[in-house]
Amino acid sequence: MTTLTERIVTVADLPQPPGEGDLHSEPMELSMGPQHPATHGVLQCKLILDGEKIVRIDPVMGYLHRGKEKHAEHMTYQQFFTLTDRLDYLQPLANEVGWALTVEKLAGIEVPARAQAIRTIICEFMRLSAHLVWAGIGGVDTGAVSMFMYAFRDREALFDLLDELTGLRTNQEYLRIGGVGTDLPAELIVKMKAWIADFPAHIDQFELLLTGNRIFHQRMRGVGQISAAQAIDLGVTGPCLRATGVGVDLRRARPYLLYPQLEFDVPVGTRGDAYDRYLVRIEEMRQSTRILKQLLDQLPAGDWIAKDWKNVLPPKGRVYTSMEEMIHQFKTVTDWCPPKGEVYQATEAANGELGFYLLSAGESHPYRVKIRSPSFINLQALKPMAIGAWFGDIVAIIASLHFIMGECDR
Amino acid sequence: MGVEEKFPEVVTARLTDLVGWARKNSLWPMPLGLSCCAIEMMATVGPRFDLSRFGAEVFRFSPRQSDVMIVAGTLSWKMAGVARRIYDQMPDPKWVIAMGVCASSGGLYRNYAVVPGVDRIMPVDVYTMGCPPRPDTLIRAVMELQKKIAELAIDGRRPREPVLVQ
């Protein structure tokens, strides 16, 4: 006869749900790109995922390497403008300004005030152009597809102005060593002023669409956070650095062109996440309109290119009529040699510090050109931002970093 | 004399024409956005130029859903294998638009890194000029391609003469 024993079933006796460590999972390797709509060009991200968490991320660059620095060694100083345009193709003229300032610093060419003002104007227009594309594409990446339409509406109107000034929509080749290609006509200033008067209301529209949008907020807030110390260690510049609370802007820190005379604020974030980077860029657009307003209201009169014909291309009209100018033109195009030396000039492009290091051996071609592209260095922040994040967040992180592969791979 | 007289609601057409008409008006581009041209390609889809007027605005980033590949930008040798693989994944019949001088011939970049024209690795139907081409030029390229597609045989096989859009 068997004896019955009392047995109470407790929770511990029930089959347990798998705890942490019990579940067998192995990391998954995933390649994102190089042809992927969210990588903004041709970046490949080799990801190692643990479930939905990113354990490791290796960005693979070089899919758009075009050998620009090597090309520079075989091009004259004026010719290289063509390639600087295609560095960050969202803001071609701002790259040209950087290169022009570098060469002028080396050769010691004085640029007239009006030319400097025109350069400052186009620099700010380019910042708007780059931020508009960023807003449109960043919107698409985070699910706000209509944002693309709003941003490109304004960009097309902006391109109309640049088209009228330079003759091309993008990649304009408008700058010359010592000035700019053509004067800014008075009727175009009126049109630019009208565009600027309208634009702040359009920024309000963007904000209405995104800033308070709950989905956008959830996609961006707290995503891709880095501290100020980390950002400085990595060499991050531009809006990505300012979003962490470091108010470094080369337009203030190492002023060039007419920026010291202008009134504008440098927006800074507090948390250094994707949402702060968005807010900083939106505020920068407002500040750019403020700068443009000041410049267009008091555009200095005078020459738009330095009258230093030994160093600067003479105006085309005079080349056809005067023997002297023709000789100058011929000499400048074929055999213009700046002095020996090395210079570094940095400008604040839309993505950060765009620097050109130029080593001259006193020949008509640069001996070596090194481009310090902000996109390449900001891309290094992808690792600390993405590791530990959810897989779905990587799209928002890449969108908020906003690197341009043309500039990154050079 | 014919079916149309007896049945006024019926329109007769050759099957080739019908298929060509359907094909050309619903192009699904695969945007291989590589560099500067990609921005102008986006502008073409944008509000002003609006490629959807030509039935070609459904940009699919998956090659298996697309039938025309727009190579927009500089193709480097590192990217060339990837581009060819994407092209191979597209179902037939498929077409290629080389947008801009870099895609057409290598353009400015005559060096070690850049493929001198995407026709080295895939057949091209329409070449476009410009660096980058204006959106109008890309629309013109799509229209030229539509003309070619309308003339295509039903099985999609026919020797193809490339077109240059200036």
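Everything discussed here concerns the structure shown above.
Since the structure is predicted, the reported quantities are computational estimates derived from the model, not experimental observations.

The rules behind each value
- Residues numbered from 1 in each chain as written.
- Chains lettered and ligands numbered in written order.
- Predicted model: local features only at pLDDT ≥ 70, side-chain atom pairs only at ≥ 80, totals over all residues.
- Heavy atoms only, no water.
- Helix = DSSP H or I, 4+ residues; strand = E, 2+ residues; numbered from the N terminus.
- Buried < 20%, exposed > 50% of the residue type's maximum accessible area, 1.4 Å probe, protein only.
- Contact = heavy atoms within 4.5 Å.
- Areas by Shrake-Rupley, 256 points an atom, 1.4 Å probe, with all protein chains shown as cover.
- Lys, Arg positive; Asp, Glu negative; His and termini not counted.
- Charge placed at Lys NZ, Arg CZ, Asp CG, Glu CD.
- 1 Å grid on protein atoms, 1.4 Å probe; cavity = no way out; pocket = protein on both sides within 12 Å on 5 of 7 lines; lining within 4 Å.
- Points joined across faces, edges and corners; volume = space filled by probe spheres on them.
- Nonpolar A, V, L, I, M, F, W, Y, C, P; charged D, E, K, R; others polar.
- Core = buried A, V, L, I, M, F, W, Y, C linked by side-chain atoms within 4.5 Å.
- Disulfide = S-S within 2.5 Å.
- Pairing = 2+ DSSP bridges.
- Axes fitted to C-alpha atoms, helices over the stretch in contact; angles between N-to-C directions.
- Phe/Tyr/Trp six-rings, centres within 6.5 Å; stacked < 30°, edge-to-face > 60°.
- Lys NZ or Arg CZ within 6 Å of the ring centre and 35° of its normal.
- Buried area = accessible area lost by both parts, 1.4 Å probe.
- Salt bridge = Lys/Arg side-chain N within 4 Å of Asp/Glu carboxyl O.
- Polar contact = N/O pair within 3.5 Å; in protein donor to acceptor, adjacent residues only side chain to side chain.

A. Examining the overall build of chain A more closely. Scanning chain A for helices and strands turns up 17 helices and eight strands. Dimensions of chain A, computed from C-alpha atoms along their principal axes, come out at roughly 130 × 45 × 35 Å. The buried share among the 410 residues of chain A stands at 57%. For chain A, contacts bridging at least 24 residues in sequence account for 70% of all contacts bridging at least 6. In the form shown here, chain A has an accessible surface area of approximately 17,200 Å², with 56% of it arising from carbon and sulfur atoms. Counting 42 positive and 50 negative side-chain charges, chain A places the centres of these two groups 4 Å from one another.

B. Representation of the layout of surface pockets within the structure. Looking at the largest pocket, its volume works out to about 810 Å³. Every residue lining the largest pocket is counted, 31 residues in all, and those nearest its centre are Pro37, Ile137 and Val140 of chain A together with Met42 and Phe61 of chain B. The dominant element in the lining of the largest pocket, judged by the number of residues it contributes, is helix α3 (residues 36-45) of chain B, at five residues. Each residue belonging to the lining of the largest pocket can be placed in one class, and the counts come to 21 nonpolar, seven polar and three charged.

C. Inspection of the nonpolar core at higher detail. Membership of the largest hydrophobic core comes to 149 residues, with the highest contact counts inside it found for Phe125 and Leu184 of chain A together with Met69 of chain B. Top element by residues in this core is helix α4 (residues 113-141) of chain A. It accounts for 14 residues. Discounting residues that sit within four places of it in the chain, Met69 of chain B has contacts with Met30, Leu32, Ala83, Ile86, Tyr87, Met90, Trp95, Val96, Ile97 and Met122 of chain B. Counting residues in hydrophobic clusters, the runner-up holds 24 residues, among them Phe49, Ala56, Ile70 and Leu152 of chain B.

D. Layout of the state of the cysteines. If you walk through the whole model with that rule in mind, you get zero disulfides over all chains. Free cysteine Cys131 of chain B: the closest other cysteine sulfur is in Cys102 of chain B, separated by 5.2 Å.

E. Here's a closer look at the sheet that holds strand β2 (residues 44-50) of chain A. All names here are of chain A. Taken in spatial order, the three strands of this open sheet run β1-β2-β3, and their pairing is antiparallel. The sheet terminates laterally at β1 (28-32) and β3 (53-60), the two strands that pair on one side only. Each strand of the sheet is rotated relative to its neighbour by a mean of 20°, with strand direction disregarded. Against the sheet, helix α16 (residues 393-401) contacts β1, β2 and β3, and its axis sits at roughly 40° relative to β1.

F. Spotlight on the packing of aromatic side chains. Residues and elements named next belong to chain A. Within the structure shown, the criterion is met by 14 aromatic pairs over all chains. With centroids separated by 5.9 Å and ring planes inclined at 35°, the aromatic side chains of Trp134 and Tyr278 adopt a geometry described as tilted. Placement of the pair is Trp134 in helix α4 and Tyr278 in helix α11 (residues 274-297), with a sequence separation of 144 residues. In terms of burial, Trp134 and Tyr278 fall into one category: buried. On the basis of an interplanar angle of 70° and a centroid distance of 4.9 Å, the ring pair of Phe216 and Tyr278 is categorised as edge-to-face. Of the two residues, Phe216 sits in helix α7 (residues 214-220) while Tyr278 sits in helix α11, which places them 62 residues apart along the sequence. Here Tyr278 falls in the buried class, since its relative accessible area comes to 1%. Stacked on the ring of Tyr259, the Lys or Arg Arg251 has its end atom at 5.8 Å from the ring centre. Across the ring face of Trp134, the terminal group of Arg281 is positioned such that the distance to the ring centre comes to 5.0 Å.

G. Broad picture of the interface of chain B and chain A. In this complex, chain B contributes 34 residues to the contact, which on the side of chain A involves 37 residues. A combined buried area of about 2,900 Å² lies between chain B and chain A, and 63% of that area is made up of carbon and sulfur atoms. Applying the counting criterion to the chain B and chain A interface returns four salt bridges. Among the salt bridges present, the one from Arg48 of chain B reaches Glu156 of chain A, with a minimum N-O distance of 4.0 Å. For the pair chain B and chain A, the number of links is eleven residue pairs in polar contact (both at pLDDT 80 or more). Of all the secondary-structure elements, those providing two or more residues to the side of chain B that touches chain A are β1 (29-33), α3 and α4 (77-89) of chain B. If you tally residues by element for the side of chain B that touches chain A, the top one is α3 of chain B, at six residues. Its residues assigned to classes, the side of chain B that touches chain A shows 23 nonpolar, six polar and five charged.

H. Expanded view of the pairing of strand β7 (residues 352-360) of chain A. All names here are of chain A. Where burial is concerned, most of β7 is hidden: seven out of the nine residues are buried. Two elements, strand β6 (residues 341-349) and β7, share nine bridges in a ladder whose sense is antiparallel. Note that in β7 the partner of Ala349 across the bridge is Gly352. One ladder, built from five bridges, connects β7 with strand β8 (residues 368-372); its direction is antiparallel. The partner of Leu358 across the bridge, within β8, is Val369.

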